[in-house]
Amino acid sequence: MVVVVENKQNSSLTSLLSYPEISALEPACDVVEAAKFLVTTASELACSLNSKKALLSSFILIMEAPADEQLYPIAVLVDELKHEDTTLRLNAIRRLSTIACALGPQRTRDELVPFLDESTDDEDEVLLALAEELGNFSSCVGGKDYAHILLRPLETLAAVEETVVRDMAVESLCKTAELLSEQQLEDYYVPLVKRLSSGDWFTSRTSAAGLFAAGYSNMTKETLDEMRKLFARLAHDETPMVRRASAKALSPELTTNDFHHLQKLANVYSRENILSDLIPLIDSLARDEQDSVRLLVVDAVISVAERLESEEVKSNLLPILKGMIVDRSWRVRYMIAEKYVVLSNAVGEDILKNDLIPSFAQILKDNEAEVRTAACSQLPGFANLIEKDVVLATFVPCAKDLITDTAQQVRAMLATHISGLAPILGKELTLEHLQPLFLQLLKDESSDVRLNIIRQLERVNSVIGIELLSQSILPAVVELAEDKQWRVRLAIIEYIPTLARQLGSDVFDKQLGSLCMSWLADPVYSIREAAITNLKQLIEVFGSDWATVTVVPQVSNMSADSNYLHRMTTLFAIATIAPALEPKLLDEKVLPIVLSLAEDPIPNIRFNVAKTIEALVPLLKQSNDTAEEVEAKITPVLNRLGEDTDNDVRYFTHKALLTGK
């Protein structure tokens, strides 16, 4: 058996020849074992090279061997694919490209692909991996000229029962169809679509619905006419799942990069075909008895509206859209509400002004809380599309009603998005109409509502200014700072630095200073941690002198607290705020607090003293005036801690001593 490696400048692959496991084999040895080692090692090398983003352009070819021995690589694959262990079968599927490289394109087409077509009776996860691999297998069968060879096994996978396998097979079929020539499409792809479309089981017909857009631009006019008629038949199929797939194929909603080869039929049809073929189908699907079908038509309406002129949208799509807005199923109305801004942009300005404004007000008052919630998320975006007077006259009153909505999720969504109206209305109208709504939401019984409005106050601040905001909303913010829900307190803490920058130190100390220090003793660790970070940000805003007067005395008092958690918080706070303080202040005011805790009876306090000293030493050494204090004050304390009975204390002390050297 001779192993030939192309691209021999790739030393990693060339080194396969020198592996002792291969070179030690006798000529009459078990060639299956050699093939197994070769295939496995090549796979591992490929993975390592890919991780380094190198181009793997080498191909392993088995040559100059007897004909029966050339079958051994495929025998290895067969052996693993038939193994009872699912993991081994999955690994075999993942190594298909390696096996194909070993066999060469001709034998891959003649032996490997037919074998895979016969191996589709397996676990769903194995079939899913196979469908994915086949979508990237065209180079292994000889390139575009032979890509149609892959259609047969993918057709089988597109008809299986498991949905995720079918979806992946459809994706791979679409990817392969893009490689086919016009003749290949006519000879292989179109017959495949016809077979799936006329399958006895709904599974094949649902897969067929996703295949019509692929290769559409390369088909002949006669074939396109036939394909459109075939798709129309699927859209009127007696099985709801097939009609659903047809509605989805009109405009597949892609939330991830997966299945990016699935195209919208609305994008590949000509305008004439949209008007003559697609719109009647959309109208029929929009009146389907199954709401799971009707709700998918919303995306199709948006896609088609983007292709048509305003008058064509008005005469063909507007009646369909109006019917969906008042659909008897809340799920359809929810889809409309969730995509209202995109829909408004697609249909044009005239329809927006004349029809969608009153419809949106109607949706905001829908009977179902889920629909009102979705509508609230669209409120700022839709308001940006219309005039300020309309927003004030129509939708601000709707917002006032929604503030007292019985459903908490509606009020929470409104609290998240209502601040988006402030830039639209401007300063005066915001103060007059929106500020009372903000105050009411800040006092809502639900912590989620209060939390959401707090997180959006900065947007309001940019419109009305911090002075007016502090006069009207600051009292409510102070009240919420002691909220029983710790997440609300956390949101207030995160908002404090923004207030501090605008209020100035005098006003801040008067209204919020003591509050900030009280958070250091909060029973919730996340609050104490956020309060420490908040102190550092405040020092950066107000300066080291402010810290000397306000922060350091409070921290010093906490170091003598009877609660060890408060003493621990003192050390955490010092380690965090130290970089924002001047070295002289650290030496004179802060370091004595740390050293005083070195004799604490709690070991956790003592080893945190060592960790805090480790953080302070580099800062003290930055100034010549304080560098000498490291040796005079800190080293004796660390020497005592180095003899502590607790292992952790000694360990962290040793680290601190290394830093001090």
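What counts and how
Residues numbered from 1 in each chain as written. Predicted model: local features only at pLDDT ≥ 70, side-chain atom pairs only at ≥ 80, totals over all residues. Heavy atoms only, no water. UniProt positions renumbered as here; feature names shortened; annotations may be inferred. Helix = DSSP H or I, 4+ residues; strand = E, 2+ residues; numbered from the N terminus. Contact = heavy atoms within 4.5 Å. Core = buried A, V, L, I, M, F, W, Y, C linked by side-chain atoms within 4.5 Å. Buried < 20%, exposed > 50% of the residue type's maximum accessible area, 1.4 Å probe, protein only. Axes fitted to C-alpha atoms, helices over the stretch in contact; angles between N-to-C directions. Parallel < 35°, antiparallel > 145°, perpendicular 65-115°, else oblique. Left-handed = near helix turned anticlockwise from the far one by under 90°. Nonpolar A, V, L, I, M, F, W, Y, C, P; charged D, E, K, R; others polar. Phe/Tyr/Trp six-rings, centres within 6.5 Å; stacked < 30°, edge-to-face > 60°.

- Under Sequence similarities (unreviewed entry), UniProt gives the following word-for-word description of the protein: "Belongs to the phosphatase 2A regulatory subunit A family."

1. Notes on the overall build of the protein
Right, on to step 1. Within the protein one finds 41 helices and 2 strands.
Right, on to step 2. Contacts in the protein between residues at least 24 apart in sequence constitute 69% of all its contacts with a sequence separation of at least 6.

2. So, the nonpolar core
Nonpolar side chains in soluble globular proteins tend to be buried together.
Right, on to step 1. Judged by nonpolar contacts, the single largest core of 211 residues is most densely connected at Y189, I418 and W519.
Right, on to step 2. Look past the residues within four positions of W519 in its chain and what remains in contact with it is A481, I492, I493, I496, I527, R528, A531 and N534.

3. Some details on the environment of R244
Right, on to step 1. Among the structural elements, R244 can be located in helix α14 (residues 240-250).
Right, on to step 2. Separated by 41 residues in sequence, R244 and L285 place their C-alpha atoms 8.6 Å apart.

4. Things to note about the packing of helix α22 (residues 340-347) against helix α23 (residues 349-364)
Right, on to step 1. As a packed pair, α22 and α23 sit with axes 10 Å apart at the nearest point and diverge in direction by 165°. With respect to each other, α22 and α23 are oriented roughly antiparallel. In this structure, α22 meets α23 at a crossing whose hand is right-handed. Contacts between α22 and α23 pair Y340, S344 and V347 from the former with I351, L352, L356, S359, F360 and I363 from the latter.
Right, on to step 2. Residues belonging to the contact of α22 with α23 are distributed by class as follows: 7 nonpolar, 2 polar and no charged.

5. Comments concerning the packing of aromatic side chains
Right, on to step 1. Tallied over the entire structure, the rule returns 12 aromatic pairs.
Right, on to step 2. Between Y340 and F382, the ring centres sit 5.4 Å apart and the planes meet at 70°, which makes this aromatic pair edge-to-face. Of this pair, Y340 sits in helix α22 while F382 sits in helix α24 (residues 369-383), placing them 42 residues apart in sequence.
Right, on to step 3. For Y340, a relative accessible area of 0% translates into the label buried.
Right, on to step 4. A relative accessible area of 1% places F382 in the buried class.

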